[in-house]
Amino acid sequence: MKSKKLLLKRLIPVIVVILTVVFIWLCTSKNDSKNDLDESTGNTTESSLMKVTTRQSTTVETTEQESTSEETTSEESSTEETTEQESETDGTAYSESTTVQNSQTAPPEIQTTEAVTTPNTEPLEPDTGAGTIQPPPVLSDNGIFSGYYAAATARMQTMTPDEKIGQMLFARCPSGNAAEIARQYHLGGYVLFGRDFQGKTAEEVKNNISSYRTSQEIPMVIATDEEGGRVVRVSSNPLLSDEAFPSPRDIFNSGGMELIKSKEIKKAEMLSGLYIDTNFAPVCDISVNESDFMYPRSLGQDAGTTADFVSTVTNISQSKGVSAALKHFPGYGNNVDTHTGIAIDTRDYSIFVNNDFIPFQAGINSGVHLVMVSHNIVNCMDSTKPASISKPVHNILRNELGFTGIIVTDDLSMDAIKLYSGEYPPTVTAVLAGNDMLIISDIDASFNEIKNAVNNGTIEQAVIDRAVVRILAWKYAKGLM
């Protein structure tokens, strides 16, 4: 018994130690599990928070980008709309699309393409001389001077109303102060008559012409009538030519078309050598009757032969730098002299188509620069007005024969024109009919008649502008500008 008590006494400390160790282990294990759980829970929470934060950050960034994109698109749309409005206001027409990009707010890949605007083709307002007016409706004739329309239109836009009107005047050269008068009225050209050559040497003629051309910024065209025969403004002066050129009829009867060629080469070289750049010839009128007024000045042959003559003269003259002018459209026939009275042509239209038009068409097909219109009243085309101031006659020349060059009147000082121009002066009626240039003698009166008609709206500014574009394009083509 005593030994059992002794054994129990010895075991109690051991048991206590064991229990203590177990208790401590249990406590330690519980704390470790709690810490592990807390750590695991904490990591999970932190990870979740990071994911939420990341999603929020992404959402915010995406929202900011979308907001920026919308803001940029709105700004670009506004910019595009403003640009289009300005384009419509100043009348600018774009030939290709234009990229508009706001580099400060838009991402590089965001861009908008501006819509292509269409050209303004509405009628022009009168040019007051202030600012830049819109160009006239495009001359869509694909004509002989069309390669210079753009340059001519740009130059026309810089001109004053007075300068434009002056370009349409082909004035008879004054006997004194010609250079000063040309500068004052901005004249498009001078026509030189016999008195302007009489008794003068070649140097004197060239010096005079040079002074006219340099009198203003846009050089003048210098023209004369050197048909041969009765009309020899230049070659009648022996100081300028070793012969007065015979009439085309006499030349043809002597040596045919080959002699015509040699004489025309000589004539064109004489004119260009004197700085004359336009000749009001050849005569295209068909006349086989010796009693006709126009017979001495015509070739005196049928339509086909006259057409060959016209093509030959046109090609030779213009190859030498001297513009040719076909006359007298629509064909003079057997009518009387319109210098002193009116001529009324009663022939059927079919006669013109099958006869008179043929030489004119040949010259037009050869690229002639000018056509002069007669003062005859041609009943089948317009029974109320002479051809030179008749719109139907001009429409036939443009639309039926396809002429795209300069239409010029015969001399508006002739008696035939004065009583038939209607309520307006002949100069105004001539412009309204479709002439580009007017041959006139009274410079001041002619200039002011047209100016007043423009100012009061009788003549639209667009009519003046279109004529001036043709005239300037012709001058560009000739190398004067």
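Chains are numbered independently. Their residues run from 1 in the order of the written sequence. Note on the predicted model: pLDDT of at least 70 is required for a residue's local features to be given, and 80 or more for side-chain atom pairs to be given and counted; whole-chain, interface and lining totals, by contrast, use all residues. Note that the side-chain values use all heavy atoms of the structure and ignore hydrogens as well as water.

A.B. asks: Account for the packing of aromatic side chains, naming residues and giving values.
C.D. replies: Here the aromatic set is Phe, Tyr and Trp, taking the six-membered ring for Trp, and pairing holds for ring centres within 6.5 Å; pairs whose planes are under 30 degrees apart are stacked, those over 60 apart are edge-to-face, and all others are tilted. Scanning the entire structure with this criterion turns up eight aromatic pairs. Aromatic pair Y185 and F447: ring centres 5.4 Å apart, planes at 70°, arrangement edge-to-face. One end of the pair, Y185, is in helix α4 (residues 178–185); the other, F447, is in helix α12 (residues 443–455), and 262 residues separate them in sequence. For the ring pair Y349 and F357, a centre distance of 5.9 Å and an interplane angle of 80° mean the geometry is edge-to-face. Every member of this aromatic cluster is reached through a ring pair, and the members are F329, Y349, F352, F357 and F360. When the NZ atom of lysine or the CZ atom of arginine is within 6 Å of a ring's centre and also within 35 degrees of its normal, the charge is said to sit over that ring. Here R172 stacks its cationic end above the ring of F193, 4.1 Å away from the centre of that ring. The positively charged end of R347 is found above the aromatic ring belonging to F352, 4.4 Å away from the centroid. Helix and strand assignments come from DSSP, with helices taken as H or I runs of at least 4 residues and strands as E runs of at least 2, each series counted from the N terminus.

A.B. asks: Which residues make up the pattern of salt bridges, and what values do they have?
C.D. replies: The salt bridge criterion pairs a side-chain nitrogen of Lys or Arg with a carboxyl oxygen of Asp or Glu, the two atoms within 4 Å. Scanning all chains against the criterion turns up 23 salt bridges. For E227, the salt bridge is made with R297, and the minimal N-O distance between the two is 2.7 Å. In this pair, E227 is assigned in strand β6 (residues 226–228) and R297 in the loop between β8 (278–279) and α7 (303–319), connecting sequence segments 70 residues apart. Take E227 and R297: they sit in the same class, and that class is buried. Residue D250 pairs with R249 through a salt bridge whose shortest N-O separation is 3.6 Å. Its relative accessible area of 38% is what places D250 among the partly exposed residues. Three or more residues joined by partner-sharing salt bridges are found here, namely D225, E227, R233, R297 and K327. Each residue's exposure class comes from its accessible area (1.4 Å probe, protein chains only) as a fraction of the maximum for that residue type: buried when under 20%, exposed when over 50%, partly exposed otherwise.

A.B. asks: Can you break down the environment of T312 residue by residue, with the values?
C.D. replies: Along the chain, the position of T312 falls in helix α7. For T312, a relative accessible area of 14% corresponds to the buried category. Measuring from C-alpha to C-alpha, the distance between T312 and I260 comes to 8.2 Å, with 52 residues separating the pair along the chain. Contacts are assigned to residue pairs with any non-hydrogen atoms lying within 4.5 Å of each other. Leaving out residues up to four positions away in the same chain, T312 has contacts with M257, I260 and K261.

A.B. asks: Can you break down the confidence of the model for the protein chain residue by residue, with the values?
C.D. replies: Chain-level statistics for the protein chain give a pLDDT mean of 79 and a share of 70% at 70 or above. Residue range residues 30–135 is modelled with pLDDT below 50. Its contacts to residues more than four positions away, or to other chains, number 70 contacts. The quantity called pLDDT is the predictor's confidence in a given residue, expressed from 0 to 100.

A.B. asks: Any details on helix α8 (residues 349–365)? Residues and values, ideally.
C.D. replies: Residue pairs three or four apart in sequence face the same way in an α-helix, which turns once every 3.6 residues. Across the chain, bend at a residue is computed as the angle between axes fitted to the seven residues ending at that point and the seven starting from it. A bend of about 60° at F357 is the largest found in α8, and the proline P359 appears one to four places after it. Of the positions making up α8, those classed as buried are F352, D356, F357, P359, F360, A362, G363 and I364. Its buried side turned inward, α8 meets α7, β9 (323–329), β10 (344–345), β12 (377–378) and α9 (391–400). Of the residues trailing α8, G367 is marked for its positive phi of about 85°.

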